[in-house]
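Take a look at the letters that make up each chain.
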Amino acid sequence: MEFILFRDYFAGGTNGTLFCNGNFICFTIELPWEGNRKNISCVPEGRYELFPRFSSKFGNHLLVRDVPGRNFILLHAANNAKQDLRGCIAPVHILNGIGKGLQSKEMLQRILSISHQAFEEKITVSLTILSTNYDTIRTLYAPNTKIF
């Protein structure tokens, strides 16, 4: 099963649109691109395997495995990239600024539900991160997927 994250980069943060098997799931927020520097940069574009993880700080969330030069990159709930993230990815229901969003916990639960069904069936779950714009997303998924 594959999640695809299409991202737009800004000086103040990175906003994305997450799909799974061609269906819109949610938006995402991250830190701005800073050359993949630990704790201050978003994740580099590429394909990564996802694994279930639990911690007392974030509860149930996902580990993004094998990010070059980085460890413990997570997909967890957060509503403000600059305040709440250290290089991780946060799902949000609504984007309300660059690197800012709302209802992250609800969107994380949606992603976890989809992912855990695959994990239980021993299906590999991956995340492919791409740079694009909304015109490219519409080209890839239109007219079957309504983005707005």
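(A) Seen up close, the packing of aromatic side chains. According to the stated counting rule, one finds three aromatic pairs in the structure shown. Ring centres 5.8 Å apart and planes at 80 degrees place the aromatic pair F6 and F19 in the edge-to-face group. One end of the pair, F6, is in strand β1 (residues 2–10); the other, F19, is in strand β2 (residues 13–20), with 13 residues separating them in the sequence. A relative accessible area of 3% means that F6 is categorised as buried. Judged by relative accessible area, which is 1%, F19 ranks as buried.

(B) Expanded view of helix α2 (residues 104–120). For α2, spanning 17 residues, the distance from its first C-alpha to its last is 24 Å, which sits close to the expected 24 Å at 1.5 Å a residue. What α2 keeps buried is the set S104, M107, L108, I111, L112, S115, A118 and F119. Mapping the buried residues of α2 onto a view down its axis gives an arc of 135 degrees, with all of them on the same face.

(C) Structural detail: the pattern of salt bridges. Taken as a whole and judged by the stated rule, the model has two salt bridges. Between E2 and R47 there is a salt bridge, and its shortest N-O distance comes to 3.6 Å. Note that E2 is positioned in strand β1 and R47 in strand β4 (residues 46–55), a separation of 45 residues in sequence. For R47, a relative accessible area of 58% gives the class exposed. A salt bridge links R7 to E30, with the shortest nitrogen-to-oxygen separation between them at 2.8 Å. With R7 in strand β1 and E30 in strand β3 (residues 23–30), this residue pair connects regions lying 23 residues apart in the sequence. Given the relative accessible area of 0%, E30 is considered buried.

(D) Representation of the side chain of N15 within the structure. Residue position: N15 is located in strand β2. Taking relative accessible area as the criterion, N15 reaches 9% and is therefore assigned buried. A polar contact is formed between the side chain of N15 and the backbone nitrogen of G99, at a distance of 2.8 Å. When near neighbours in sequence (up to four residues on either side) are disregarded, N15 contacts F6, R7, D8, F10, T28, I29, L95, G97, I98, G99 and K100.

(E) Representation of the nonpolar core. Ranked by internal contacts, the top residues of the largest apolar core, which has 24 residues, are F3, L18, I111 and L127. Of all elements in the fold, only β1, β2, β3, β4, β5 (59–65), β6 (73–75), α2 and β10 (126–131) reach the threshold of two or more residues within this core. The greatest single-element share of this core, amounting to six residues, is contributed by α2. Setting aside its immediate chain neighbours within four residues, L127 contacts F3, L5, L18, G46, R47, Y48, L50 and I89.

(F) Structural context of the pairing of β4. Where β4 and β10 come together, four bridges link them in antiparallel fashion. Across the sheet, G46 pairs through a bridge with I129, a residue of β10.

(G) Representation of unusual backbone geometry in the model. At N21, a position not held by glycine, the phi torsion is positive, near 50 degrees. Among the structural elements, N21 can be located in the loop between β2 and β3. For N21, a relative accessible area of 56% puts it in the exposed group. Residues other than glycine seldom take positive phi values, yet Q103 does so here, at roughly 60 degrees. Position of Q103 among the secondary structure elements: in the loop between β9 (100–102) and α2. According to the relative accessible area criterion, Q103 is partly exposed, its value standing at 37%.

Cut-offs used in this document
- Residues numbered from 1 in each chain as written.
- Predicted model: local features only at pLDDT ≥ 70, side-chain atom pairs only at ≥ 80, totals over all residues.
- Heavy atoms only, no water.
- Phe/Tyr/Trp six-rings, centres within 6.5 Å; stacked < 30°, edge-to-face > 60°.
- Helix = DSSP H or I, 4+ residues; strand = E, 2+ residues; numbered from the N terminus.
- Buried < 20%, exposed > 50% of the residue type's maximum accessible area, 1.4 Å probe, protein only.
- Expected span 1.5 Å × (residues − 1).
- Arc of directions from axis to C-beta.
- Salt bridge = Lys/Arg side-chain N within 4 Å of Asp/Glu carboxyl O.
- Polar contact = N/O pair within 3.5 Å; in protein donor to acceptor, adjacent residues only side chain to side chain.
- Contact = heavy atoms within 4.5 Å.
- Core = buried A, V, L, I, M, F, W, Y, C linked by side-chain atoms within 4.5 Å.
- Pairing = 2+ DSSP bridges.

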